[in-house]
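Structural description and commentary
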Amino acid sequence: MCHLSAGFCIVLLSSVNRLYQDLMSHFITFTLLQRFDGRSRLLVHSLHSGAAGASNAQTVFNKQRRSDPDFTLNPFLETLCQQEACVHEDALVLKPLVCLFSEGFKRNLLCFLHVLHPGLPKDNVLHLLRCLTRDDVDNQWTCVLIKQLQRDIEGTRKGTLLTSDGTGKLKSLCERFRNANEKGKWAYCFEDLEAEDKETNMPVLSQKKRKSDNMDHDGDAQEDQQSKRLKMDFCPSEEEERLTEEEEPKIRTSQLQQSAASVSQARSDVLGSSKNLPDHMKAAVPVIKELLDTESWDESSVSALKVFHECDPNEVEVLCSMLCLSEASEQSLPQFCSCLLELSPDLSHSTASAVITHLLLPKILSLAEPASRCLVTAVMSLCTRYPRPTCQALIEPVLQKGQTGSAQAEVLCRLVVDCLEPHHRLLVFRTILGVSWDEGVLSVIHALLDSELELSEEDFSLFTDQLCSQSPHFSKSMKFAKMLLSVLTKYQSHVNPACHHTLSSCLSFNETFLKKSLQAALKRISL
C-alpha cells in the first residue's frame, strides 16, 4: 500500500510540475504579447499555432493588408528587436525580445519572413537576424533557416548551411553507405548514428568526395556502379551558368551566330568532361534523345527522366548539354515538359534552373516573331510549377540582355499575368529596376503594374528615381506615358512628397498628347 502511495505521489508531482511549466510558459507568452500593438499580437498568436504557424501568419498578414494597404511589418519587426530584461544563469541580462520566444515560434517566424522578405525593408530583417544569432541557437533547423534567409537577402551563396556537427554526421553516414556492401546489409548504415564523432572539425563535403570515392575502391563493377549512384554532395549549389556574350550584337543575325558559336564551344568542353558521369546517366542520354527526336512519349517515358533526380549541379549541366536540349524541336516541348511535371518528387531548384536554361532560354532569346503555341505552352507549364527557377534562369537573363523585342516581351507578359504569384512578380520588378529599358521592357513593367504589386516604400522610391532617369529617353513614347498614367492612378497611396517631386520632374520631359492628363492626375494626388 505504501509502495502504491509513493508511486502515486511521484506521478502527481510530475503532473503538477508539467502543469506549472505550462502555466509559466503561457504567462511568459502573455507578458511578451503586451509589448506588441493589436495587429502585431494577431501575428504573434498565429506564429504560435504549431506547424501551420507560418501559413496562418501569412493569411493574417494578407487580410490586414487588404483592410489597410498602408499596413507594414515595421512595428512588428522593431518590437521583436527591442531589448528585454530576463534571468540567464542566475543573472539579470538584456536580450532581444525575439530570443525569449520558443524555438517553434522562431522557426515559424523565419519561414514567414522567407516568403515575405522581398517586400520588407532589408535593414529591418537583417537586424532581426542579427538579434537571433546573438542568442545561443541550439536547434539546427533554426540555424539553417537564419543562414538561408540571410543568404537570400544579401544575394550570396558563400559558405555552407550545415553546422560542424551536422557536417560530421553526414560524412559519417556517407562513409557507411559507401561500405554498405562490405558490411552485408544496408541496415548496418543506420546503426549507432547517435555516436559522437571523434573528429571535431569535419571538412565540408564537396565535389571532390565523388572523385575520392572513384579512387578509393577498386572492387567489382557492381560496387563501382552503386557507389557512383550515391549523392555525396551536400554543398550549397552555385548559380547556374547562363548563356552570356561579351559584346552586344548590333543586329539579330550576328547575335544568333555569336550565340550559336558560344553554345558549340561550351558543348565541346562539357562533352569532354562527360566521362565523369556515372554509367547509368550516360546510358539514359540516347534514350531521352530518341524520345525528343521521335516524339513518341508514353507513361514509360517518365521513368527515363528520373535520371534528373540523381544529378548534382555539375552533372545536370553535362547531362543537359549531352541531350542537346537547346536544339530540341518546339513540337516536342509540351510532351517533354509534361513528363517532367509528372516526376515525383519535384526537381530541385538547381536542376530545374539548369533544364530551363538549356531547354527554353536559347529559344526565347532567338525569337524574331511571336512564339509558337508549343513554346508558350512549355514555358507556362514549367513556370507554373517552378516559378522561382523560371524567374532566375529565364526571365532575368532575357531582361538583362538589353534587347527585349516584342516577341520576348509578349512571352514575359504572359508569364507575369498567368503564372507568377505576387512575391515572384516582385522579384521580376526588382530585376527590372537594375536593367536598361526599352519598349519591350516597358510592356513588362506595365503588365506588372496592372497586377497591383505590393510595393514597399523603398521599392516605389527606387522605381520613381528610375522613371525620372529614363524619361528623357522616352519623351515621345506612348508606352512610357501610359505606364506613368498607371502609376499615378493605381499607386496614389505610395506617393510621398519626395516621390511627388520626382514624378513632377519626370512629367516635364513628356511630349505626348497625354501630358495634360498626366499632370492632372499628379495634381489630384493629395499629400
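These figures come from a predicted structure and were not determined experimentally.

Summing up its helical and strand segments, the protein has 27 helices and 2 strands in all. For the protein, buried positions account for 43% of its 527 residues. Restricting to contacts in the protein with at least 6 residues of sequence separation, those with at least 24 account for 72%. Total accessible area computed for the protein in this model is approximately 28200 Å², and 53% of it derives from carbon and sulfur atoms.

Turning our eyes to something else, we now look at the confidence of the model for the protein. Summary statistics for the protein give a mean pLDDT of 76 and a share of 72% for residues scoring 70 or more. This model gives residues 180-187 a pLDDT under 50, and the stretch forms 11 contacts once residues within four places in sequence are excluded. In the model, residues 192-253 has pLDDT below 50 throughout and makes 106 contacts with residues more than four positions away in sequence or in other chains.

With that settled, consider the packing of helix H26 (residues 497-507) against helix H27 (residues 515-523). Their axes nearest at 10 Å, the elements H26 and H27 cross at an angle of 170 degrees. The angle between H26 and H27 falls in the class roughly antiparallel. Residue-level inspection shows His-500, Leu-503, Ser-504 and Leu-507 of H26 in contact with H27, the latter providing Lys-515, Leu-518, Gln-519 and Leu-522. When the residues that make up the contact of H26 with H27 are grouped by side-chain class, the tally is 4 nonpolar, 3 polar and 1 charged.

Turning next to helix H3 (residues 53-67). Taking 1.5 Å per residue, 15 residues should reach 21 Å; H3 reaches 21 Å between its end C-alpha atoms and fits that length. Within the sequence span of H3, burial applies to Gly-53, Ala-54, Ala-57, Phe-61, Gln-64 and Arg-65. For H3, the angular spread of buried residues about the axis comes to 100 degrees, placing them on one side. Turned more than 90 degrees from where H3 packs its buried face, Lys-63, Arg-66 and Ser-67 sit exposed. Elements in contact with the buried residues of H3: helix H2 (38-47) and helix H5 (103-116).

Another aspect to go through is the side chain of Ser-486. Mapped onto the fold, Ser-486 is located in helix H25 (residues 478-490). Residue Ser-486 is classed as buried on the basis of its relative accessible area, which comes to 6%. Not counting residues within four places of it along the chain, the set of residues in contact with Ser-486 comprises His-446, Leu-449, Asp-450 and Tyr-491.

Enumeration over the complete set of coordinates arrives at 5 salt bridges. Taking the shortest distance from any N to any O, the salt bridge between Arg-430 and Asp-459 comes out at 2.9 Å. Here the residue Arg-430 occupies a position in helix H22 (residues 422-432), and Asp-459 occupies one in helix H24 (residues 457-470), the gap between them amounting to 29 residues. Judged by its relative accessible area of 5%, Asp-459 falls in the buried class. Across the pair Lys-490 and Asp-450 runs a salt bridge, and its minimum N-O distance is 2.9 Å. Of this pair, Lys-490 sits in helix H25 while Asp-450 sits in helix H23 (residues 439-450), and the two are 40 residues apart along the sequence. A relative accessible area of 36% places Asp-450 in the partly exposed class.

The next point concerns the nonpolar core. With 101 residues, the main nonpolar core has Ile-288, Phe-308, Leu-359, Leu-360, Trp-437 and Leu-467 as its most contacted residues. When near neighbours in sequence (up to four residues on either side) are disregarded, Leu-359 contacts Leu-325, Ala-328, Leu-333, Phe-336, Cys-337 and Leu-382. Within the second largest apolar cluster, 35 residues are counted, among which are Phe-36, Phe-105, Val-125 and Leu-129.

So, on to the environment of Ser-526. Inspection of the secondary structure assignment puts Ser-526 in the segment after H27. Given the relative accessible area of 68%, Ser-526 is considered exposed.

This part covers the packing of aromatic side chains. Remark: the centre distance and the inter-plane angle together describe each pair of aromatic rings, the angle taken between the planes. Enumeration over the complete set of coordinates arrives at 8 aromatic pairs. With centroids separated by 6.4 Å and ring planes inclined at 45 degrees, the aromatic side chains of Trp-437 and Phe-463 adopt a geometry described as tilted. Here Phe-463 lies in helix H24 and Trp-437 lies in the loop between H22 and H23, a separation of 26 residues in the sequence. The exposure classification of Trp-437 matches that of Phe-463, with both residues buried. Of the aromatic side chains, those joined through ring pairs into one cluster are Phe-36, Phe-76, Phe-101 and Phe-105.

Our focus in this paragraph is the packing of H24 against H25. Across the interface, H24 lies against H25 with an axial gap of 12 Å and an inter-helix angle of 150 degrees. Here H24 lies roughly antiparallel to H25, going by the angle between them. Judged by the sense of rotation from one axis to the other, the crossing of H24 with H25 is left-handed. Within the contact between the two elements, H24 uses Phe-460, Phe-463, Leu-467 and Gln-470 and H25 uses Phe-480, Met-483, Leu-484 and Val-487. Taken together, the residues of the contact of H24 with H25 sort by class into 7 nonpolar, 1 polar and no charged.

Turning to H27, a few remarks are in order. Listed as buried for H27 are Leu-518, Ala-521 and Leu-522. Buried residues along H27 cover an arc of 100 degrees about the axis, so they all sit on one side. Counted as exposed and oriented over 90 degrees from the buried face of H27: Lys-516 and Lys-523. Those residues of H27 hidden inside the fold are in contact with H25 and H26.

Here Thr-351 shows up in helix H17 (residues 349-359). Here Ser-348 takes part through its side chain, which lies 2.9 Å from a polar atom of the side chain of Thr-351.

With respect to the helices and strands, the residue Thr-160 is situated in the loop between helix H7 (140-154) and helix H8 (164-178). A residue is classified by how much of its surface remains accessible, and Thr-160, at 23% relative accessible area, is partly exposed. Along the backbone, Thr-160 and Gln-148 are 12 residues apart, and their C-alpha atoms lie at a distance of 9.4 Å.

A word on the environment of Val-355. Within the element layout of this structure, Val-355 appears in helix H17. For Val-355, a relative accessible area of 2% puts it in the buried group. Each C-alpha atom of the pair Val-355 and Glu-317 lies 8.2 Å from the other, and the pair is 38 residues apart in sequence. Those residues in contact with Val-355, other than ones at most four positions away along the chain, are Phe-308, Cys-320, Leu-340 and Leu-360.

Here is what the cut-offs are and how they apply
- Residues numbered from 1 in each chain as written.
- Predicted model: local features only at pLDDT ≥ 70, side-chain atom pairs only at ≥ 80, totals over all residues.
- Heavy atoms only, no water.
- Helix = DSSP H or I, 4+ residues; strand = E, 2+ residues; numbered from the N terminus.
- Buried < 20%, exposed > 50% of the residue type's maximum accessible area, 1.4 Å probe, protein only.
- Contact = heavy atoms within 4.5 Å.
- Areas by Shrake-Rupley, 256 points an atom, 1.4 Å probe, with all protein chains shown as cover.
- pLDDT = per-residue confidence, 0-100.
- Axes fitted to C-alpha atoms, helices over the stretch in contact; angles between N-to-C directions.
- Parallel < 35°, antiparallel > 145°, perpendicular 65-115°, else oblique.
- Nonpolar A, V, L, I, M, F, W, Y, C, P; charged D, E, K, R; others polar.
- Expected span 1.5 Å × (residues − 1).
- Arc of directions from axis to C-beta.
- Salt bridge = Lys/Arg side-chain N within 4 Å of Asp/Glu carboxyl O.
- Core = buried A, V, L, I, M, F, W, Y, C linked by side-chain atoms within 4.5 Å.
- Phe/Tyr/Trp six-rings, centres within 6.5 Å; stacked < 30°, edge-to-face > 60°.
- Left-handed = near helix turned anticlockwise from the far one by under 90°.
- Polar contact = N/O pair within 3.5 Å; in protein donor to acceptor, adjacent residues only side chain to side chain.

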